[in-house]
Amino acid sequence: MIRKSLALSSLLLLLTCAAACAEPADLGQQILAETNAARQNPQRYAQYIRNFKKSFVGNAYRLPGSLNMVMTSEGKGALDEAVQFLSRQRPLPALSWSTGLAKAAADLVREQTASGETGHDERGDMKQRIAKYGSWRSSFGENISYGPDTARQVVMGLIIDDGVADRGHRKNIFDRSFGTMGAACGPHPLYRTICVMDLAGGFQNR
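Residues numbered from 1 in each chain as written. Predicted model: local features only at pLDDT ≥ 70, side-chain atom pairs only at ≥ 80, totals over all residues. Heavy atoms only, no water.

Draft legend 1. Spatial organisation of the overall build of the protein. Within the protein, the secondary structure is distributed over seven helices and eight strands. Per-residue burial over the protein gives 52% buried out of 206 residues. Sequence-distant contacts in the protein: of pairs separated by 6 or more residues, those separated by 24 or more amount to 77%. Per element, the accessible surface of the protein, about 9200 Å² overall, is 51% carbon and sulfur. (Helix = DSSP H or I, 4+ residues; strand = E, 2+ residues; numbered from the N terminus. Buried < 20%, exposed > 50% of the residue type's maximum accessible area, 1.4 Å probe, protein only. Contact = heavy atoms within 4.5 Å. Areas by Shrake-Rupley, 256 points an atom, 1.4 Å probe, with all protein chains shown as cover.)

Draft legend 2. Examining the side chain of Asn143 more closely. Looking at where Asn143 falls in the secondary structure, it is placed in strand E6 (residues 134-146). Asn143 sits in the buried class, given a relative accessible area of 1%. Among the polar contacts made by the side chain of Asn143, one reaches the side chain of Asn172 at a distance of 2.8 Å. (Polar contact = N/O pair within 3.5 Å; in protein donor to acceptor, adjacent residues only side chain to side chain.)

Draft legend 3. Representation of the packing of helix H2 (residues 42-53) against helix H6 (residues 151-160) within the structure. Where H2 meets H6, the closest approach of the two axes is 11 Å, and the angle between their N-to-C directions is 95°. In terms of orientation, H2 lies roughly perpendicular with respect to H6. Contacts from Tyr45, Tyr48, Ile49 and Phe52 of H2 reach H6 at Arg152, Val155, Met156, Ile159 and Ile160. By residue class, the composition of the contact of H2 with H6 is eight nonpolar, no polar and one charged. (Axes fitted to C-alpha atoms, helices over the stretch in contact; angles between N-to-C directions. Parallel < 35°, antiparallel > 145°, perpendicular 65-115°, else oblique. Nonpolar A, V, L, I, M, F, W, Y, C, P; charged D, E, K, R; others polar.)

Draft legend 4. Structural detail: the packing of H2 against helix H3 (residues 76-88). Two elements in contact, H2 and H3, have axes whose closest approach is 8 Å; the angle formed by their N-to-C orientations is 165°. Considering the angle they form, H2 stands roughly antiparallel to H3. Note on packing geometry: the crossing formed by H2 with H3 is left-handed. Here Pro42, Gln43, Tyr45, Ala46, Ile49, Arg50, Phe52 and Lys53 of H2 lie close against H3, whose contacting residues are Lys76, Leu79, Asp80, Ala82, Val83, Leu86, Ser87 and Arg88. Split into classes, the residues belonging to the contact of H2 with H3 amount to nine nonpolar, two polar and five charged. (Left-handed = near helix turned anticlockwise from the far one by under 90°.)

Here it is in structure tokens:
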């Protein structure tokens, strides 16, 4: 099974970083830890979103330590829906780190850093990119975040999935069939930061 989110995370498409961008390799590892925090204790993670809601004014929120406001599509309603989801979600096992999937994610980061493009590869291209580094088992999927420069902003934004009707990024994060993940981040010429997360049921590195 192949699952990739067909829409991009729109909640946190920041035109400026809230703080200095983290080193890409470090941020990828931090995103794994943050994803596991959400999977293993979704009820606790719901509190982070409740706290984030306090920064909203109408459909926009204020960046930490800044007077700048970021407009969202759905406003607080998407946050409330995410909190309801997390409150019902059962804990899931932690994902392991996959070096091969991280390399596949880094390939897309490098490509879009150079081109300024957004979005996923075509299905065949995505399979080829991942297959360069090994073989996946059972299923694989991909999330992409543009703008956020901290692990919590990235993961929280994907869980809220503002403007994404099917909440495809959230589904990937809480997909029980996934057991491993690799992530990579880098600069993006339009949105400042891009982070790609590739997930699979299992992955055998070449």
